[in-house]
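# Summary of the model geometry
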Amino acid sequence: MKNLVYLLLVAVLFGCKSEEKTTERSGNPIAEGWYADPEGVIFGDEYWIYPTFSAKYEDQLFLDAFSSKDLVNWTKHEKIIDTTIIKWARQAIWAPSIIEKDKKYYLFFSANDVQRPSRGAGYDPNNDINHFGGIGIAVADSPKGPFKDYIGEPLISDFYNDAQPIDQFVYKDDDGTHYLFYGGWGHCNVGKLNADFTGFTPWEDGSLFKEITPEGYVEGPFMFKRNGKYYFMWSEGGWGNDTYHVSYAMADKATGPYNKIGTILESDTTIATGAGHHSVMHPEDSDKYYMVYHRRPIPNEGRDHRVICIDEMYFNEDGTIKPVKITNEGVEANLLP
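Analysis parameters
Residues numbered from 1 in each chain as written. Predicted model: local features only at pLDDT ≥ 70, side-chain atom pairs only at ≥ 80, totals over all residues. Heavy atoms only, no water. Phe/Tyr/Trp six-rings, centres within 6.5 Å; stacked < 30°, edge-to-face > 60°. Helix = DSSP H or I, 4+ residues; strand = E, 2+ residues; numbered from the N terminus. Buried < 20%, exposed > 50% of the residue type's maximum accessible area, 1.4 Å probe, protein only. Pairing = 2+ DSSP bridges. Axes fitted to C-alpha atoms, helices over the stretch in contact; angles between N-to-C directions. Salt bridge = Lys/Arg side-chain N within 4 Å of Asp/Glu carboxyl O. pLDDT = per-residue confidence, 0-100. Contact = heavy atoms within 4.5 Å. Core = buried A, V, L, I, M, F, W, Y, C linked by side-chain atoms within 4.5 Å.

A separate point is the packing of aromatic side chains. Aromatic ring pairs are described here by two measures, namely the spacing of the ring centres and the angle between the planes. Considering all chains together, one arrives at 29 aromatic pairs under this definition. With a centroid separation of 5.8 Å and an interplanar angle of 75 degrees, the aromatic rings of Y231 and F315 are classed as edge-to-face. Remark: F315 occurs in the segment after β20 (307-312) and Y231 occurs in strand β15 (residues 229-236); sequence separation between them is 84 residues. A relative accessible area of 1% places Y231 in the buried class. Among the aromatic side chains, those forming a connected cluster through ring pairs are Y179, F181, W203, F232, W234 and Y258.

Here we come to the pairing of strand β9 (residues 169-172). The side chains of a regular strand alternate between both faces of the sheet. With 4 bridges joining them, β9 and strand β10 (residues 178-182) adopt antiparallel strand pairing. Across the sheet, residue F169 finds its bridge partner in β10, namely F181. Here β9 hands over to β10 after 5 residues, with G176 in that stretch at a positive phi of 95 degrees.

With that settled, consider the sheet that holds strand β18 (residues 272-281). Pairing within the open sheet is antiparallel, and its 3 strands lie in the order β18-β19-β20. Bordering the open sheet on either side are β18 and β20, each of which pairs with just one other strand. Neighbour-to-neighbour, the strand axes of this sheet turn through a mean angle of 35 degrees, independent of strand direction.

Moving on, we come to the pattern of salt bridges. Enumeration over the complete set of coordinates arrives at 12 salt bridges. Where D174 meets K225, a salt bridge forms, and the shortest distance between an N and an O atom there is 2.4 Å. One end of the pair, D174, is in the loop between β9 and β10; the other, K225, is in strand β14 (residues 219-226), with 51 residues separating them in the sequence. According to the relative accessible area criterion, D174 is exposed, its value standing at 61%.

This part is about the confidence of the model for the protein chain. Predicted coordinates in areas of low pLDDT are best not read in detail. Looking at the protein chain, pLDDT values average 93 and 93% of them are 70 or higher. Taken together, the stretch residues 4-21 has pLDDT below 50 and engages in 0 contacts with residues farther than four places along the chain or on a different chain.

A separate point is the nonpolar core. Formed by 40 residues in total, the largest nonpolar core has its most connected members in F181, M223, F224, M233, M313 and I321. Discounting residues that sit within four places of it in the chain, F181 has contacts with D167, Q168, F169, Y171, N189, V190, I212, P221, M223, F232, A254 and Y258. With 20 residues, the next largest nonpolar core counts W48, I81, I93 and A140 among its residues.

Turning to the pairing of strand β1 (residues 35-43), a few remarks are in order. The buried fraction of β1 is high, at 8 of 9 residues. Pairing of β1 with strand β2 (residues 46-53) involves 7 bridges; the strand directions are antiparallel. Paired with V41 across the two strands is W48, which belongs to β2. Counting the residues that bridge the hairpin from β1 to β2 gives 2 residues, and of these G44 lies at a positive phi of roughly 60 degrees.

Turning our attention to unusual backbone geometry. Backbone torsion omega between N28 and P29 reads 0 degrees, so that peptide bond is classified as cis. Assignment of secondary structure puts P29 in the loop between α1 (2-19) and β1. For the bond from G145 to P146, the omega torsion is 10 degrees, close enough to zero to count as cis. By the secondary structure assignment, P146 is in the loop between β7 (134-140) and β8 (148-149). The backbone phi angle of K79 is positive, close to 45 degrees, even though this residue is not glycine. Residue position: K79 is located in strand β4 (residues 74-82). Overall, K79 belongs to the partly exposed group, its relative accessible area being 47%.

Rendered as structure tokens:
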């Protein structure tokens with residue numbers, strides 16, 4: 001009888017163990033192929049990621065997107081815009097940023113890697129491919145498109161405050177103001193988009209853009225708000241090598257002033273290097289914050305060999321951000337309500 005009871009207990013224990021399920025994880029990278037500069041955003045009950053196709057400038061002629069219900073299973077949406085749609089773009093379409101407004105989806109992007117003679121390096125007087133370009137907008141009725149060119153020309157093509165017009169991010173503040181943060185070459189500007197996103201509302205002094213460059217800024221601005229504080233984030237180092245990393249500051253207003261805190265995303269030579277140009281996704285009514293970023297696999301064999309990854313971001317009691325641990329496992333599955 002004792003033996004029978006023992007066997008029954010063993011059977012129950014093993015039966016319970018066999019029913020245990022390992023939580024699915026996204027794994028890193030979350031998609032095949034070379035991609036960079038990912039903007040992660042939540043629309044309704046779906047996560048979306050809009051990255052740069054990481055390739056030589058002359059091949060960087062389109063943008064793909066990825067969508068998921070759970071952070072684990074991703075659907076690829078190919079060529080949501082390309083140079084047949086954005087006819088003034090001739091190379092280097094990159095760093096997308098998207099926002100929904102009045103049931104329309106506005107996709108901001110950089111194109112042509114526009115240069116100017118005064119900078120010298122990168123400007124070729126005999127090749128006008130990057131003499132014109134900047135930040136453009138496409139619009140669609142759905143996050144997956146089809147997108148069309150919104151104004152038929154760059155929204156910003158000039159070099160205000162010496163900021164190259166690239167790496168834009170659109171942020172909607174609590175009062176409904178839409179700010180556009182942007183800038184390369186170590187300078188960051190902010191402007192207030194007008195109601196229909198065709199231009200900018202001047203600041204009190206009549207200027208269109210204010211320079212708000214924080215200490216160490218190189219490119220790739222991003223902002224979110226948590227518990228009444230604005231978190232302004234950016235990339236430092238060289239985008240084409242392993243020095244790339246993310247720093248951040250905190251402020252009481254979207255326009256600053258910003259108090260730089262320090263680095264929160266960087267290389268881990270046991271996993272990957274050059275972690276940077278990120279974004280943050282935060283499901284409403286949850287304590288989850290996801291950092292979406294690109295990094296370089298080890299060994300890395302090329303400048304454009306970058307992949308999209310997601311890892312969770314955590315906060316200290318004082319509101320500062322803990323350094324993000326980059327992983328191969330990624331994040332746990334999380335269905336949106």
